[in-house]
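Survey of secondary and tertiary structure
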Amino acid sequence: FGCLNGVFINVLGVRTTAVIGSLLFTTGLAAGSVANKLFQLYFTRGTLAGLGEGLAFSASVQVTAHLVEDPKTRFRVFSSVFVGAGVAIITLSTLGGEIISMGDWRLYYQLIAGF
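Notes on the structure in this doc start here. Treat the numbers as computed from the prediction; the structure is a model and nothing was measured.

1. Things to note about the environment of Ile-112
Examined against the element boundaries, Ile-112 turns out to sit in helix 5 (residues 105-113). Taking relative accessible area as the criterion, Ile-112 reaches 27% and is therefore assigned partly exposed. Expressed as a C-alpha distance, the spacing of Ile-112 and Gly-28, which sit 84 residues apart in the sequence, is 11 Å. Excluding anything up to four places from it in sequence, Ile-112 contacts Phe-25 and Leu-29.

Structure representation (structure tokens):
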């Protein structure tokens, strides 16, 4: 669905795309935390949250590219954005591992969704 991100941004704008992405991501994780069957978890986490994450990330990259005109500065800003995303992945994976080892993966999904 990555090729559709640009269409969303061009048609709806960056801000609206980011909001839709955030809402899809949050809804997918919140719905996944109450899933009773594996296919429900696949749909909520894989489809809803995945689409939302992709839309929000594409919008953040687009905003960064739009706001920073100097190529050298843009390189540094993009580096910071991508390093921040990597640090978040490492941090949330570690935190998630601890919460899941306590036997509560649903709580982990709720925490990430903001509930």
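2. Some points on the packing of helix 2 (residues 14-32) against helix 5
Remark: helix 2 packs on helix 5, axes separated minimally by 8 Å, with the N-to-C direction vectors making an angle of 160°. In terms of orientation, helix 2 and helix 5 fall into the roughly antiparallel class. Relative to helix 5, the crossing made by helix 2 is left-handed. Counted together, Phe-25, Thr-26, Leu-29, Ala-30 and Gly-32 of helix 2 and Trp-105, Tyr-109, Ile-112 and Ala-113 of helix 5 form the full contact between these two elements.

3. Some remarks on a nonpolar patch on the surface
On the surface, Leu-4, Val-7, Phe-8, Val-11 and Leu-12 cluster together to form a nonpolar patch covering roughly 420 Å² of accessible area. Residue placement: Leu-4 occurs in helix 1 (residues 2-12). Using a relative accessible area of 38% as the deciding quantity, one classes Leu-4 as partly exposed.

Calculation criteria
- Residues numbered from 1 in each chain as written.
- Predicted model: local features only at pLDDT ≥ 70, side-chain atom pairs only at ≥ 80, totals over all residues.
- Heavy atoms only, no water.
- Helix = DSSP H or I, 4+ residues; strand = E, 2+ residues; numbered from the N terminus.
- Buried < 20%, exposed > 50% of the residue type's maximum accessible area, 1.4 Å probe, protein only.
- Contact = heavy atoms within 4.5 Å.
- Axes fitted to C-alpha atoms, helices over the stretch in contact; angles between N-to-C directions.
- Parallel < 35°, antiparallel > 145°, perpendicular 65-115°, else oblique.
- Left-handed = near helix turned anticlockwise from the far one by under 90°.
- Patch = residues over 30% accessible without salt bridge, like charges linked within 9 Å, V, L, I, M, F, W, Y side chains within 5 Å.
- Areas by Shrake-Rupley, 256 points an atom, 1.4 Å probe, with all protein chains shown as cover.
- Salt bridge = Lys/Arg side-chain N within 4 Å of Asp/Glu carboxyl O.

Purely geometric numbers; function is a separate question.
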